[in-house]
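For reference, the chains in residue letters:
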Amino acid sequence: MSRKPHIVILATGGTIAGSAAAETGGAYTSGKIGVDDLLSVIPEIRNLADISGEQIASIGSQDMDESIWLPMVKRCNELLARDDIDGLVITHGTDTMEETAFFLHLTVRSSKPVVVTGAMRPANAHSADGPMNLFEAVATAMAPESHGRGVMVVTNDTVFGARDVTKSCTTAIHTFQAPNFGPLGHIHAQHVEFQRKPQRKHTTESEFHVDNLNELPKVGIAFAHAGGDSAIAVNAFIDHNYDGIIHAGFGNGNFNHKVGDALQRAARQGVTVIRASRALSGAVTEAGEVDDESYGFVASGLLNPQKARILLQLILTMTRDRQHIRAFFKAY
Ligand code: ASP
């Protein structure tokens, strides 16, 4: 390439754009600082690439939802279709970063790199992690080796696949982990070194079309605990006409009897029930303690509850057939 790579930064807010009352304090407000100010503290970034920025939201990512995701992916696809744009970086709060990354992984239609990044410390804290994360996200987005790896999350010198990554710690800067498979690669002194490619379908192979949608099917998550009655949550989802329920069950997607009865009632009424797990790693398998076929449920495989929810929302835009839904859960 004779010109410098052109990377567009889409800013959404989060702690990376957060402003703290004191440089060493814990209290701060997310999403206060605009994309130009984020870039101004890392002027070297412009030696790497031509950068342009768009502010598409200014929120803490606890408020992220499909009203932002749907226009965001349309904008991503418009930008990525342009010959003069080589990749995208999305700055985002860390709380729901894995969900936005996975949603984009399934809906972006390009093999060009899309990198989501954020920070655990506000922009004006001592040793803020945002500037280096943003710098390394741009380095990843412009690297030719990043093509075809789906949507990635870059923080703390590490590149994660959108399907694998999860926020594992409430406050530490090494919060992002990929418990089942580890990272896709690492970044050192601006150079990205990949160890592997993501598995399963994504981006250019994805069958999900959301361009004409203004909303997604309603899918809720009910959480299991010892002595608990998540049947109350399951019944509330049924009563509020939810299209799907993810049960964040024990171990290999298990549930107690009360909850099992409520989930079966949901399935009989045409609500799709996915068995996921509150455990941090491992797959929810079909041949465990639960016989999905007789209950009318689908196992989530390696997807955690919050990612199973996103996949199910997208699947339900195409089919309600349980065997098809099961096949989608094996393909994505
Ligand atoms: N609550 C913040 C957010 O997700 C946390 C962060 O960015 O680290 O926007």
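Reading guide: rules and limits
Residues numbered from 1 in each chain as written. Predicted model: local features only at pLDDT ≥ 70, side-chain atom pairs only at ≥ 80, totals over all residues. Heavy atoms only, no water. Near = heavy atom within 4 Å. Polar contact = N/O pair within 3.5 Å; in protein donor to acceptor, adjacent residues only side chain to side chain. Areas by Shrake-Rupley, 256 points an atom, 1.4 Å probe, with all protein chains shown as cover. 1 Å grid on protein atoms, 1.4 Å probe; cavity = no way out; pocket = protein on both sides within 12 Å on 5 of 7 lines; lining within 4 Å. Sits in = over half its atoms within 2 Å of the grid points. Nonpolar A, V, L, I, M, F, W, Y, C, P; charged D, E, K, R; others polar. Helix = DSSP H or I, 4+ residues; strand = E, 2+ residues; numbered from the N terminus. Contact = heavy atoms within 4.5 Å. Expected span 1.5 Å × (residues − 1). Buried < 20%, exposed > 50% of the residue type's maximum accessible area, 1.4 Å probe, protein only. Pairing = 2+ DSSP bridges. Axes fitted to C-alpha atoms, helices over the stretch in contact; angles between N-to-C directions. Core = buried A, V, L, I, M, F, W, Y, C linked by side-chain atoms within 4.5 Å. Right-handed = clockwise from strand over helix to strand, strands pointing away.

*Asks:* What should I look at first to understand the site of the ligand in this one?
*Replies:* With respect to spatial proximity, the complete set of residues near the ligand consists of Gly14, Thr15, Tyr28, Ser30, Gly60, Ser61, Gln62, Gly93, Thr94, Asp95 and Ala119. Note that a nitrogen atom of the ligand is positioned 2.8 Å from one of the side-chain N or O atoms of Asp95. Within the backbone of Ala119, one N or O atom sits 3.1 Å away from an oxygen atom of the ligand. Coverage of the ligand by the protein chains reaches 94% of its 270 Å² of free accessible surface. One can see that the ligand is located within the second largest pocket. The residue makeup of the shell around the ligand, split by class, is two nonpolar, eight polar and one charged.

*Asks:* Please clarify how the side chain of Glu66 should be interpreted in this entry.
*Replies:* When you line up the elements, Glu66 lands in helix α3 (residues 66-80). In this structure, Glu66 is in contact with Pro71, Glu215, Leu216 and Gln313, ignoring residues within four places of it in sequence.

*Asks:* Would you take a moment to explain α3 for this structure?
*Replies:* Residue pairs spaced three or four apart in an α-helix point in one direction, given the helix's 3.6 residues per turn. Taking 1.5 Å per residue, 15 residues should reach 21 Å; α3 reaches 20 Å between its end C-alpha atoms and fits that length. Those residues of α3 that sit buried are Glu66, Ile68, Trp69, Leu70, Met72, Val73, Cys76, Asn77, Leu79 and Leu80. Next to the buried residues of α3 lie β1 (6-13), β4 (50-59), β5 (87-91), α4 (97-107), β6 (114-117) and α9 (305-315).

*Asks:* What is the right way to look at the sheet that holds β1 in this model?
*Replies:* Think of a sheet as strands paired side by side through backbone hydrogen bonds, with each pair either parallel or antiparallel. Taken in spatial order, the eight strands make up an open sheet running β4-β1-β5-β6-β7-β8-β11-β12, and their pairing is mixed. Edge positions in the sheet fall to β4 and β12 (191-194), since each has one partner strand and no second. Put simply, the sheet's adjacent strands are angled 25 degrees from each other on average, direction ignored. Pairing of β5 with β6 involves four bridges; the strand directions are parallel.

*Asks:* What exactly am I supposed to notice about the nonpolar core here?
*Replies:* In summary, soluble globular proteins display a tendency toward joint burial of nonpolar side chains. By size, the foremost hydrophobic cluster in this structure holds 52 residues, and its most contacted members are Cys76, Leu88, Phe103, Leu104, Leu311 and Phe329. The element contributing the most residues to this core is α3, with eight residues. When neighbours within four sequence positions are excluded, Leu104 is seen to be in contact with Met72, Val73, Cys76, Ile90 and Val151. Core analysis: the next-biggest nonpolar cluster, separate from the first, contains 28 residues, Leu134, Val138, Ala141 and Ala143 among them.

*Asks:* What's the story with the pairing of β1 in this structure? I'm lost.
*Replies:* Along any regular strand the residues' side chains alternate between the sheet's two faces. Among the eight residues that make up β1, eight are buried, leaving the element largely enclosed by the rest of the structure. Two strands pair when backbone bridges link them, and β1 and β4 are joined in this way by seven bridges, in the parallel orientation. For Gly13, the partnering residue across the bridge sits in β4 and is Ile59. Where β1 lies against β5, five bridges are found, and the strand directions are parallel. Counterpart to Ile9 in the pairing with β5 is Val89.

*Asks:* Would you take a moment to explain the environment of Asn77 for this structure?
*Replies:* Along the polypeptide, Asn77 turns up in helix α3. With 54 residues separating them along the chain, Asn77 and Glu23 place their C-alpha atoms 38 Å apart.

*Asks:* Can you help me understand unusual backbone geometry in this one?
*Replies:* When glycine is set aside, most residues are seen to have a negative phi, and most peptide bonds are trans. In this structure, Asn156 takes a positive phi of about 55 degrees despite not being glycine. With respect to the secondary-structure elements, Asn156 resides in the loop between β7 (151-155) and β8 (158-161). Despite not being glycine, Asp157 has its phi angle at roughly 65 degrees, a positive value. By secondary structure assignment, the location of Asp157 is in the loop between β7 and β8.

*Asks:* What exactly am I supposed to notice about the side chain of Asn304 here?
*Replies:* Its place among the elements puts Asn304 in the loop between β16 (298-299) and α9. Side chain to side chain, Asn304 and Glu98 meet in a polar contact 3.0 Å long. What Asn304 contacts, discounting residues up to four positions off in sequence, is Glu98 and Thr166.

*Asks:* What's the story with the environment of Gly228 in this structure? I'm lost.
*Replies:* Mapped onto the elements of the fold, Gly228 is located in the loop between β13 (219-223) and α6 (231-239). Each C-alpha atom of the pair Gly228 and Glu98 lies 27 Å from the other, and the pair is 130 residues apart in sequence.

*Asks:* It is not clear to me how the pairing of strand β15 (residues 272-277) should be interpreted in this structure. Could you clarify?
*Replies:* Buried residues dominate β15, accounting for six of its six residues. Across the two faces of β15 the burial is the same, with Thr272, Ile274 and Ala276 and Val273, Arg275 and Ser277 all buried. Bridge analysis of strand β14 (residues 244-249) against β15 gives six bridges, and the strand direction is parallel. Following the sheet pairing, Ile246 is matched in β15 by Ile274. Read as a crossover between parallel neighbours, the route from β14 over helix α7 (residues 257-268) to β15 is right-handed. Note: β15 against β16, two bridges, orientation parallel. Bridging across to β16, Arg275 finds its partner in Ala299.

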